[in-house]
There are 2 protein chains.
Amino acid sequence: MYKVKVYVTLRESVLDPQGTAVKKSLKTMGYGAVEDVRIGKYMELSLEKTDRDVHETVKEMCERLLSNPVIEDYRYEIEECVAQ
Amino acid sequence: MYKVKVYVTLRESVLDPQGTAVKKSLKTMGYGAVEDVRIGKYMELSLEKTDRDVHETVKEMCERLLSNPVIEDYRYEIEECVAQ
């Protein structure tokens, strides 16, 4: 069993209106120290072991469904779990 | 300057319909190894240094705006950056 953590973020060059809204809210709430906010997605997947290389599978899932490679970057971490 | 990474996830006991939808899509696409998907938020904040403790500030921001403590958990990482 693998536990996979996937982080999807907007590319630097892409505007992040959600992040801008959160930044404005934080400033309004009195957090003047906030300089920038960028918002992304965080996903946790549990995968069963298969014959296929897990890195290859995860990369393909990220590119086909979990992220939009045109405007987003992704990175992932894979942990192997021992069955309990 | 601090770079803060905030991870917000739904509590274990809370249903995640978005995660279920992604799991179903992945299965339909041929990734039968997928057992579970949980979807959360990932935020990157840049904060200026202030007199206040940065951990205290970030914790308060998470509790007041960035997460909904009733249904979500959060964790964060703080990195101190040297001005370039």
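Cut-offs used in this document
Residues numbered from 1 in each chain as written. Chains lettered and ligands numbered in written order. Predicted model: local features only at pLDDT ≥ 70, side-chain atom pairs only at ≥ 80, totals over all residues. Heavy atoms only, no water. UniProt positions renumbered as here; feature names shortened; annotations may be inferred. Pairing = 2+ DSSP bridges. Helix = DSSP H or I, 4+ residues; strand = E, 2+ residues; numbered from the N terminus. Axes fitted to C-alpha atoms, helices over the stretch in contact; angles between N-to-C directions. Contact = heavy atoms within 4.5 Å. Patch = residues over 30% accessible without salt bridge, like charges linked within 9 Å, V, L, I, M, F, W, Y side chains within 5 Å. Areas by Shrake-Rupley, 256 points an atom, 1.4 Å probe, with all protein chains shown as cover. Salt bridge = Lys/Arg side-chain N within 4 Å of Asp/Glu carboxyl O. Lys, Arg positive; Asp, Glu negative; His and termini not counted. Charge placed at Lys NZ, Arg CZ, Asp CG, Glu CD. Buried < 20%, exposed > 50% of the residue type's maximum accessible area, 1.4 Å probe, protein only. Least-squares fit on C-alpha atoms with pLDDT ≥ 70 in both.

Identification of chain A as Phosphoribosylformylglycinamidine synthase subunit PurS from Mesobacillus foraminis is taken from an unreviewed UniProt entry. Recorded in UniProt for chain A, the comment headed Subcellular location (unreviewed entry) runs: "Cytoplasm". The record held by UniProt for chain A lists under Sequence similarities (unreviewed entry) the comment "Belongs to the PurS family."

Draft legend 1. View of the sheet that holds strand β2 (residues 34–47) of chain A. Spatially, β3(A)-β1(A)-β2(A)-β2(B)-β1(B)-β3(B) is the arrangement adopted by the six strands of the open sheet, whose pairing is antiparallel. On the outer flanks of this sheet lie β3 (72–80) of chain A together with β3 (72–80) of chain B, each paired with one strand and no other. Across the sheet, the axes of successive neighbouring strands diverge by a mean angle of 20 degrees, strand direction being ignored. Alignment of strand β1 (residues 2–10) of chain A against β2 of chain A, held across seven bridges, turns out to be antiparallel. Bridging across to β2 of chain A, Val 4 of chain A finds its partner in Leu 45 of chain A. Here helix α1 (residues 17–28) of chain B sits on the sheet in contact with β2 of chain A together with β2 (34–47) of chain B, set at roughly 125 degrees to β2 of chain B.

Draft legend 2. Here's a closer look at the environment of Val 70 of chain B. Mapped onto the fold, Val 70 of chain B is located in the loop between α2 (54–66) and β3. Separated by 59 residues in sequence, Val 70 of chain B and Arg 11 of chain B have C-alpha atoms that sit 8.6 Å apart.

Draft legend 3. Looking closely at a negative patch on the surface. On the surface, Glu 12, Glu 35 and Asp 36 of chain A together with Glu 48 of chain B cluster together into a patch of negative charge. Positionally, Glu 35 of chain A belongs in strand β2. Its relative accessible area of 34% is what places Glu 35 of chain A among the partly exposed residues.

Draft legend 4. Region of the structure containing the relation of the copies chain A and chain B. When chain A is fitted onto chain B, the two copies agree to an RMSD of 0.0 Å after a turn of 180 degrees and an axial shift of 0.0 Å. Taken together, the turn and the small shift mark the pair as related by a two-fold rotation axis. Of the C-alpha atoms belonging to chain A, the one lying closest to the rotation axis is found on Lys 41 of chain A, 2.3 Å away. A high fraction, 100%, of the interface residues of chain A reappear at the interface in chain B, so the copies pair face to face through one surface.

Draft legend 5. Molecular detail of the pairing of strand β1 (residues 2–10) of chain B. Where β1 of chain B meets β3 of chain B, nine bridges bridge the pair, whose relative direction is antiparallel. By the bridge assignment, Tyr 2 of chain B is partnered in β3 of chain B with Glu 80 of chain B.

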